[in-house]
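A structural walkthrough
Residue-level listing of the chains:
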Amino acid sequence: MVADLPEYEIYAIKYAERTGTRGGIFMHADPHDAPLDMDYYVWLVRSAERSIVIDIGFGREEGERRGRTFLRCPAESLGLLGVDPVEVEDVIITHLHYDHAGNLERFPNARFHVQDRELEYVTGRAMTHAALRHAFRLEDVQEMVALVYGERVIFHNGDEELCAGISLHHMPGHTRGLQSVRVHSQRGWVLLASDAAHYYESIEQEVTFTTHENLFEMHESYRRLRRLGGAMTHIVPGHDPLVLERYPAPAPELSGIVARLDLPPAY
Ligand SMILES: [Zn+2]
Ligand SMILES: [Zn+2]
């Protein structure tokens with residue numbers, strides 16, 4: 001779409017799910033509480049030259065401890081698309097919540113791309129508050145610090161280009177150093193919001209997600225996603241089951257598991 005930029009294939013892979021209610025997921029939900037499910041995804045971006053993984057999900061034990069339905073190992077599920085996690089060289093961690101940054105050990109040859117502010121946040125004073133640390137897993141944070149010492153973490157400060165056709169965008173609020181990822185594809189730019197917007201309605205209705213570090217910044221990030229991403233058909237929320245409904249599967253046998261985001265959604 002943009003001359004000279006690589007066009008990446010983009011995939012969302014569902015690895016877990018949870019049944020919930022609007023009242024448990026959004027603040028100020030209407031009093032007639034209704035069911036609202038949550039899907040858990042990892043994302044894969046690839047061209048002929050390289051594969052980049054975005055977030056790596058949680059392990060079975062951690063997921064089940066939190067009452068989630070674990071469907072498949074996020075790292076192994078990359079094999080559905082022919083990618084071996086051992087061979088992956090670059091992993092973008094959008095933020096360090098347990099459902100995005102587990103399984104670090106399953107990518108032994110990867111560099112991990114994180115925002116400066118996220119590492120500061122998860123190792124600093126904020127984590128003395130149970131209300132702020134409950135969605136982090138201590139072992140993930142400890143492992144990430146070990147990776148810093150092992151020179152396998154690449155820090156980013158705010159909005160940066162990772163490589164031609166892939167850029168990182170700081171979207172604070174849900175956590176302090178959350179980043180969304182914008183990827184150039186055959187249908188133009190696609191913005192992977194991750195938890196900057198859990199659902200389509202997060203952006204469309206500006207509903208308040210319960211877990212956040214800074215409510216004002218979270219709402220500012222909803223608006224920034226929209227400015228940056230343009231049409232909602234080019235913005236992909238981080239946990240919405242509608243993603244699998246709207247986007248085509250890359251093959252019939254992957255229906256309900258993998259969505260191809262570089263093709264246009266049905267709506
Ligand atoms: Zn999160
Ligand atoms: Zn999440």
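Here, the structure is the one placed above.
Below or above, wherever it landed, is the structure these notes cover. Here the structure is a predicted model, which means the values were calculated and not measured.

As summarised here, the arrangement of the 5 strands in space is E8-E9-E10-E11-E12, forming an open sheet in which the pairing is mixed. Each of the sheet's edge strands pairs with one partner strand only, and the pair in question is strand E8 (160-163) and strand E12 (235-237). Neighbouring strand axes in the sheet, compared pairwise and without regard to direction, differ in orientation by 25° on average. In the sheet, strand E10 (residues 179-185) pairs with strand E11 (residues 188-194) via 5 bridges, with the strands oriented antiparallel. Following the sheet pairing, Val 181 is matched in E11 by Leu 192.

Positive phi, normally seen in glycine, also occurs at Asp 55, with a value near 70°. Tracing the chain through its elements places Asp 55 in the loop between strand E3 (51-54) and helix H2 (60-65). You can call Asp 55 buried: its relative accessible area is 0%. Positive phi, normally seen in glycine, also occurs at Glu 151, with a value near 60°. Tracing the chain through its elements places Glu 151 in the loop between helix H7 (138-149) and strand E7 (153-156).

Turning our eyes to something else, we now look at the environment of Val 243. Checked against the element boundaries, Val 243 lands in helix H10 (residues 242-246). For the pair formed by Val 243 and Ala 259, sequence separation is 16 residues and the distance between their alpha carbons is 7.2 Å. Those residues in contact with Val 243 that lie beyond four places of it in its chain are Ala 12, Tyr 41, Tyr 200, Val 236, Pro 237, Ala 259 and Leu 261.

Next up on the list: the layout of surface pockets. The computed volume of the largest pocket comes to approximately 290 Å³. Looking at the largest pocket, it is lined by 20 residues, and the ones nearest its centre are Gly 59, Arg 60, Glu 61, Glu 62 and Arg 137. Mapped onto the lining of the largest pocket, the elements with two or more residues apiece are H2, helix H3 (74-77) and H7. Element by element, the count of residues in the lining of the largest pocket is highest for H2, at 4 residues. Looking at the second largest pocket, its volume works out to about 220 Å³. In terms of lining, the second largest pocket is formed by 19 residues, of which the most central are Arg 18, Arg 68, Tyr 98, Phe 209 and Thr 211. Elements with a minimum of two residues in the lining of the second largest pocket: helix H1 (22-25), strand E2 (35-46) and helix H4 (98-101). Residue classes in the lining of the second largest pocket are distributed as 6 nonpolar, 8 polar and 5 charged.

Rules of the game
Counting starts from 1 at the beginning of each chain's written sequence and moves along it residue by residue. For naming, the first written chain is A and the first written ligand is 1, with later ones following in the order written. Per-residue local features of the predicted model are confined to residues with pLDDT of at least 70, and side-chain atom pairs are confined, for both listing and counting, to 80 or more; whole-chain, interface and lining totals are unaffected and use all residues. The side-chain quantities take in all heavy atoms of the structure and omit both hydrogens and water. Strands were regarded as paired on the criterion that DSSP finds at least two bridges between them. For the purposes of this entry, the term helix denotes a DSSP run of H or I that reaches at least four residues, the term strand denotes a run of E that reaches at least two, and both are numbered from the N terminus. For helices, the fitted axis covers only the stretch in contact; all axes are lines through C-alpha atoms, and the angles between them, taken along N-to-C directions, range from 0 to 180 degrees. Note on classification: 1.4 Å probe, protein chains only; a residue is buried when its accessible area is under 20% of the maximum for its type, exposed when over 50%, partly exposed between these limits. The criterion used for residue contact is that any of the two residues' heavy atoms lie within 4.5 Å. A cavity, in this analysis, means grid points on a 1 Å lattice covering only the protein atoms where a 1.4 Å probe fits yet has no way out; a pocket is instead an open set bounded by protein on both sides within 12 Å along at least five of seven lines, and a residue lines either one if it has an atom within 4 Å of a point. Grid points are joined across faces, edges and corners, and a volume is the space filled by probe spheres set on the points. When residues are grouped by polarity, Ala, Val, Leu, Ile, Met, Phe, Trp, Tyr, Cys and Pro land in nonpolar, Asp, Glu, Lys and Arg in charged, and all others, Gly among them, in polar.

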